[in-house]
Amino acid sequence: AYEANGAASVLQRIGPELERRVWLKLQPSIERLLQGFISKVKAPAKTGLEDFGFDDFDLNGDGYITREEFDQVRSRILKGEPLPTKAKPAVKPAQAVKLQEA
């Protein structure tokens, strides 16, 4: 009975240290495996209008969404077509406001 109590006492004392050492030994391998799995997971495809933001609809990048831009993007989204490429704005919105004030 004493040996069983002695072994239990030893396990109680060294158990946490053994667990820590095993974890330290396995942790790099586990992290490598997880990173491999994570890198293979693809982001879910955007499927509905709610998945798209302002920048997706502001095709010319002027800071405004016109009815034409909205209709064009909406139509492509609903058909599952790729979105049109964006043009670079000729004038930044802040500059446009300053020009209008002058």
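Attention here is on the structure that accompanies the text. (Residues numbered from 1 in each chain as written. Predicted model: local features only at pLDDT ≥ 70, side-chain atom pairs only at ≥ 80, totals over all residues. Heavy atoms only, no water.)

## What to know about the overall build of the protein chain
Piece 1. Helix and strand counts for the protein chain come out as four helices and zero strands.
Piece 2. Beginning at the N terminus, the succession of helices and strands in the protein chain can be written as α-α-α-α.
Piece 3. Out of the 102 residues in the protein chain, the part that is buried amounts to 10%.
Piece 4. The long-range fraction of contacts in the protein chain, counting pairs at least 24 apart against all pairs at least 6 apart in sequence, stands at 42%.
Piece 5. Just so you have it, the protein chain exposes about 8,800 Å², and 60% of that area is on carbon and sulfur atoms. (Helix = DSSP H or I, 4+ residues; strand = E, 2+ residues; numbered from the N terminus. Buried < 20%, exposed > 50% of the residue type's maximum accessible area, 1.4 Å probe, protein only. Contact = heavy atoms within 4.5 Å. Areas by Shrake-Rupley, 256 points an atom, 1.4 Å probe, with all protein chains shown as cover.)

## Notes on the nonpolar core
Piece 1. In this structure, Phe52, Phe57, Leu59, Val73 and Ile77 together form the largest nonpolar core, which totals five residues.
Piece 2. The contact partners of Phe57, leaving out residues within four places of it in the chain, are Leu49, Phe52, Ile65, Glu69, Phe70, Val73, Arg74 and Ile77. (Core = buried A, V, L, I, M, F, W, Y, C linked by side-chain atoms within 4.5 Å.)

## Things to note about the packing of aromatic side chains
Two measures describe an aromatic ring pair: the distance that separates the ring centres and the angle between the ring planes.
Piece 1. Going through the model one piece at a time under the given rule, you end up with one aromatic pair.
Piece 2. Where Phe57 meets Phe70, the ring centres are 5.3 Å apart and the plane angle is 20 degrees; that geometry is what we call stacked. One end of the pair, Phe57, is in helix 2 (residues 54-57); the other, Phe70, is in helix 3 (residues 67-79), with 13 residues separating them in the sequence. (Phe/Tyr/Trp six-rings, centres within 6.5 Å; stacked < 30°, edge-to-face > 60°.)

## Comments concerning the pattern of salt bridges
Piece 1. Considering all chains together, one arrives at three salt bridges under this definition.
Piece 2. Glu17 is paired through a salt bridge with Arg20; the nearest N and O atoms lie 2.9 Å apart. In this pair, Glu17 and Arg20 both sit in helix 1 (residues 2-40), three residues apart, roughly one turn of the helix.
Piece 3. Residue classification places Arg20 among the partly exposed residues on the basis of a relative accessible area of 43%.
Piece 4. Arg67 is the salt-bridge partner of Asp71, the closest N and O atoms lying 3.5 Å from each other. With a gap of four residues between them, Asp71 and Arg67 both fall in helix 3, about one helical turn apart.
Piece 5. By relative accessible area, which is 35% here, Asp71 ends up partly exposed.
Piece 6. You can call Arg67 exposed: its relative accessible area is 56%. (Salt bridge = Lys/Arg side-chain N within 4 Å of Asp/Glu carboxyl O.)

## A few points about the environment of Asp58
Piece 1. Structurally, the position occupied by Asp58 is in the loop between helix 2 and helix 3.
Piece 2. For the pair Asp58 and Phe70, spaced twelve residues apart in sequence, the C-alpha separation works out to 7.8 Å.
Piece 3. For Asp58, the side chain forms a polar contact with the main-chain nitrogen of Gly63, separated by 2.9 Å. (Polar contact = N/O pair within 3.5 Å; in protein donor to acceptor, adjacent residues only side chain to side chain.)

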